[in-house]
Amino acid sequence: MHRMGRHLRTGAHLLAIDACVAAVVTAGYVALADQGASDGLPRFSGPWWLGWLVAVCVGVPLAVRRLWPLSALAVVVGASVTATLLDITRDPYISAALAVYSVALIEPTRRASAALALTVVASAATVITGEAVLTPSGPWTEAAGTAALVWLIIGAAWVAGRVVRERRSRAARRDRRLAEEALAEERLRIARELHDIVSHSLSVIVVKAAVANHVAEARPQETRDAVQTIEQTGREALTEMRRALGVLRGDTAGRRTREPGSVGTAPPPGLDDLPALIQRAERAGVRTELRTRLAIGLPAGTALAVYRIVQEALTNVVKHAGHGTHCQVTITVDSRGDTHIEVADDGAGNAAVSAGRNSGVVTDSWGCANA
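All of the points below concern the structure found in this document. Being a predicted model, the structure only gives us computed values, none of them experimental.

On to the packing of helix 4 (residues 69-85) against helix 5 (residues 94-106), then. Contact geometry for helix 4 and helix 5: axes closest at 9 Å, N-to-C directions at 160 degrees. The orientation of helix 4 with respect to helix 5, classified from their angle, is roughly antiparallel. The interaxial crossing formed by helix 4 with helix 5 has left-handed handedness. Contacts between helix 4 and helix 5 involve Pro69, Leu70, Leu73, Val76 and Val77 from the former and Ser95, Ala96, Ala99, Val100, Ser102, Val103 and Ile106 from the latter. Here the contact of helix 4 with helix 5 is composed, by residue class, of 10 nonpolar, 2 polar and no charged.

Moving on, we come to the side chain of Arg162. When you line up the elements, Arg162 lands in helix 7 (residues 140-215). Among buried charged residues, Arg162 stands out as having no salt bridge; its nearest opposite-charge side chain is Glu166, 6.4 Å away. Among the polar contacts made by the side chain of Arg162, one reaches the main-chain carbonyl oxygen of Ala104 at a distance of 2.9 Å. Looking at Arg162, its side chain comes within polar contact range of the main-chain oxygen of Glu107, at 3.1 Å.

Further remarks concern the nonpolar core. Counting 33 residues, the largest nonpolar core has Leu73, Tyr93 and Ile154 as its most contacted members. Among the secondary structure elements, those contributing two or more residues to this core are helix 2 (12-34), helix 3 (48-59), helix 4, helix 5, helix 6 (109-134) and helix 7. Those residues in contact with Leu73 that sit more than four places away from it in its chain are Ala96, Ala99, Val100, Val103, Ala115 and Thr119. Leu277, Val286, Val310 and Leu314 belong to the second largest nonpolar core, which has 24 residues in total.

Compared with the 30 Å implied by 1.5 Å per residue over 21 residues, the 30 Å span of helix 11 (residues 300-320) between its first and last C-alpha is a close match. Burial analysis of helix 11 places 15 of its 21 residues in the buried class, the great majority of the element.

Moving on to the packing of helix 10 (residues 274-283) against helix 11. The packing of two helices is summarised by the inter-axis angle and the distance between the axes. It is at 11 Å that the axes of helix 10 and helix 11 come closest, and there the two elements cross at 5 degrees. Comparing their axes, helix 11 and helix 10 come out roughly parallel. Contacts between helix 10 and helix 11 involve Leu274, Leu277, Ile278, Arg280 and Ala281 from the former and Tyr307, Val310, Gln311 and Leu314 from the latter. Taken together, the residues of the contact of helix 10 with helix 11 break down into 7 nonpolar, 1 polar and 1 charged.

Turning our attention to the pattern of salt bridges. Following the criterion strictly, the structure yields 8 salt bridges and no others. The salt bridge involving Glu107 is made with Arg111; its shortest N-O contact spans 3.4 Å. Notably, a salt bridge pairs Asp334 with Arg336, separated by 3.8 Å at the nearest N-O pair. Judged by its relative accessible area of 64%, Arg336 is exposed.

On to the pairing of strand 2 (residues 326-333). In this structure, strand 1 (residues 287-294) lies alongside strand 2, joined through 8 bridges in parallel fashion. Bridging across to strand 2, Leu294 finds its partner in Val333. In this structure, strand 2 lies alongside strand 3 (residues 339-345), joined through 7 bridges in antiparallel fashion. In the sheet register, Thr332 faces strand 3, and the bridge partner there is His340.

The rules behind these values
Residues numbered from 1 in each chain as written. Predicted model: local features only at pLDDT ≥ 70, side-chain atom pairs only at ≥ 80, totals over all residues. Heavy atoms only, no water. Axes fitted to C-alpha atoms, helices over the stretch in contact; angles between N-to-C directions. Helix = DSSP H or I, 4+ residues; strand = E, 2+ residues; numbered from the N terminus. Parallel < 35°, antiparallel > 145°, perpendicular 65-115°, else oblique. Left-handed = near helix turned anticlockwise from the far one by under 90°. Contact = heavy atoms within 4.5 Å. Nonpolar A, V, L, I, M, F, W, Y, C, P; charged D, E, K, R; others polar. Buried < 20%, exposed > 50% of the residue type's maximum accessible area, 1.4 Å probe, protein only. Lys, Arg positive; Asp, Glu negative; His and termini not counted. Salt bridge = Lys/Arg side-chain N within 4 Å of Asp/Glu carboxyl O. Polar contact = N/O pair within 3.5 Å; in protein donor to acceptor, adjacent residues only side chain to side chain. Core = buried A, V, L, I, M, F, W, Y, C linked by side-chain atoms within 4.5 Å. Expected span 1.5 Å × (residues − 1). Pairing = 2+ DSSP bridges.

In structure tokens form, the structure reads like this:
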């Protein structure tokens, strides 16, 4: 599973780039292995197939260094050491550096550090042995200088791999944090929406149930009307709750298979749904009038906020203003998009005043003020 996950995380374009690099390195080593001693470059005089085999082992593993970094590094370092001892080439272990970069980028710190230590020890010992003992090309100081160069290149590749790994790790943690925050905000929004749905619907149901209980024997027809209102309000509340809970579950596959207009695909309520909200308040015994003056249309998010403000205000009217109250809802949208909401009623309410009022202001930036 770990290997399969690594395959999935590795981009195809990166594998293609590694394949090209592997081909170039392999071709370069093959060319060096075919050179003769008269060129003054390498002095390899073994069988041709051995030089080709070393070239393949130095270059080809680079094509899979992101999939199997430790295995690729082991093969590349072994082949590079062999190339140095056979005097095929005395390059500064560029192939090994590329493999070390992948190890530092992918493997945990302990494995990556151990691989770096083994690589620098093996490469330095081989360079000094090859240049100062087997096929001496200068004094010991030159061999030590070459070994230091190899150390520098391999060490820089390892550091670069660790830096990139750390940056990617920080970016992944930041993305996870942002995703968690977005999920928490969405859940909070849905919780508020469910509260509005339940609070409004239950207020209407409680009021009509009280009416039905009060007039059950004296006025049976009014009792049946109240029961019908309770049934209709309950069905509407269940429909809205299913839509909100469907969003919370994130059931996108299920929503794609549903027919248009079903519960899962129902859009959030907006200004067009206010008449139904007004009718629901009227069924609860509050005579409600809706007035709208819209200079421009509203975005869906702002329209939802307007709907919820009016819903909450009407819920308060139903709960506190009393049966037979007259309520007027006025919504005004100016040319800048600022939305003014006023819900006024003439009920006495629990505070024993002559009139109650709920109002609010909503802007496109989701600013909201209640008075």
